[in-house]
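# Fold and geometry: a report
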Amino acid sequence: MFGFIGKRKIGDVRYPREFWLLFWGVFINRVTASMIWPFLTVYMYQTLGVPLTTITLLFPLRAISSIISTAIVSPIMDKAGRKGVIIFGLIASGLVFFAMAFINTLVAWAILITVFGAVLPIYNIGVNTMVADLIPQERRAPAYALIRTVSNAGIAIGPVIGGILAVMSFELVFVMTGLSYLILAVLTVFFITETIPKNINTTDNILTTGGYGFIFQDLRFLSFMGMYFLILMAYAHMFSLLPVYVSENFGLAENQYSLMITVNAAMVVFLQYIVTKQTEKFADFPVMTFGTLFYVIGLFSFAFGSELWHFMLSVGIVTMGELIVMPTATTLVANLAPDNMRARYLGLLSLGYPIGSGIGPVLGGFLNDAVAPVAMWYGAGTMAAIGAIGFFILTRIWDDKRKVVPA
């Protein structure tokens, strides 16, 4: 399948064969994963027959298990390599999706959501770390932009397929997603080679400290992560709560919501590389500040929508912020990380989505049930605004010099 891939050149940059193998692996992963995740909240809401707040309370379980899993898995990747851990994560994820097709109780879903949270970040951590292994620092921003481009190409296709299949059977979508993860695990075994750098410092004791002592003293990184988590808490509303919001309040069907997500994915596919080639010319924290302002405007604008085109426009505004923020964030963290701690730094970065989707929708669900459905968007916009202010403050404090590797 991947035998035709050799070194290929994009613009003035040549990427190795191993990068393109990861590139297509991400595409397969995103197509199949995105067939179900946009509709997961709707499926649980319809199947379990419990309040939306109760369902959103399951998301912190996913966040907690992701934190624990990342804390364990990332040091293992730094010590033992990336490939084996990735294969384990793919197999475990496939089995979880199979199980989701056959459960219908709140307790069973709580258990599976917890397990899902534990295995979900593994593939993303592995890919981002391998890209940092393969690509020199000065070329990483466009490389991560390409990974995001193909990721969203998959996301553009997946929800459309999932929306069609969901009309017939949600269970079928779960089974097909699980099978695809197992197939990708087999492809990884045969086509992906280990990329862990040789002759790096591996003297940090992960058994006694978890290998995070240096990271917890890195104030620049920790400050960045605080603001990053906040904007992803706001961003999570668009994926976890928007399908229920438009369905229950405006009568939009699942396939109409999938069109909104396709707008998001299509913008990334066609604009991500172009935008990143422009933003990489500027300092990271000012770029993060500017990009977050689009999140603020877009999330507040959901409160004023009532028709499909309104919501598609709001998604487009938020997506413009995503185009600016996400590759910049990954590149910033990959460049900050010492060579022997890449998986740990990028592992902590990967917690943005589970933490954001674990906490943000709970707050949004509470505002929906206790105040009014539209209140969730005022809450999300406020969170993003605080994040923008935080990045602006960090712009005034830190420059963009790379962190010195600890001895």
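Preceding this paragraph is the structure being described.
To start, this report covers the structure provided alongside it. Being a predicted model, the structure only gives us computed values, none of them experimental.

## Re the packing of helix α2 (residues 40–48) against helix α6 (residues 106–134)
It is the contact of α2 with α6, at a shortest axis distance of 11 Å, that shows an interaxial angle of 160°. Looking at the two axes, α2 sits roughly antiparallel to α6. Across from Leu-40, Tyr-43, Met-44 and Leu-48 in α2, the residues of α6 making contact are Leu-106, Trp-109 and Ile-113. Taken together, the residues of the contact of α2 with α6 sort by class into seven nonpolar, no polar and no charged.

## Regarding the packing of aromatic side chains
Counted according to the given criterion, the structure contains 25 aromatic pairs. Here Tyr-15 and Trp-20 contribute two aromatic rings whose centre-to-centre distance is 6.1 Å and whose plane-to-plane angle is 90°, an arrangement assigned as edge-to-face. Relative accessible area serves as the criterion here: at 2%, Trp-20 is assigned to the buried category. Joined through ring pairs, the aromatic side chains of Tyr-15, Phe-19, Trp-20, Phe-23, Trp-24 and Phe-27 make up one cluster.

## Let's talk about the packing of α6 against helix α14 (residues 342–350)
Running from N to C, α6 and α14 point in directions that differ by 135°, and their axes come no closer than 9 Å. For the element pair α6 / α14, the angle class is oblique. Of the two elements, α6 crosses α14, and the hand of that crossing is right-handed. Of α14, the residues touching α6 (which contributes Pro-121, Asn-124, Ile-125, Asn-128, Thr-129, Ala-132 and Asp-133) are Arg-342, Ala-343, Leu-346, Gly-347 and Ser-350. Along the lines of polarity and charge, the residues of the contact of α6 with α14 split into five nonpolar, five polar and two charged.

What counts, and where the lines are drawn
- Residues numbered from 1 in each chain as written.
- Predicted model: local features only at pLDDT ≥ 70, side-chain atom pairs only at ≥ 80, totals over all residues.
- Heavy atoms only, no water.
- Axes fitted to C-alpha atoms, helices over the stretch in contact; angles between N-to-C directions.
- Helix = DSSP H or I, 4+ residues; strand = E, 2+ residues; numbered from the N terminus.
- Parallel < 35°, antiparallel > 145°, perpendicular 65-115°, else oblique.
- Contact = heavy atoms within 4.5 Å.
- Nonpolar A, V, L, I, M, F, W, Y, C, P; charged D, E, K, R; others polar.
- Phe/Tyr/Trp six-rings, centres within 6.5 Å; stacked < 30°, edge-to-face > 60°.
- Buried < 20%, exposed > 50% of the residue type's maximum accessible area, 1.4 Å probe, protein only.
- Left-handed = near helix turned anticlockwise from the far one by under 90°.

Function-wise, these values are silent; they only describe arrangement.
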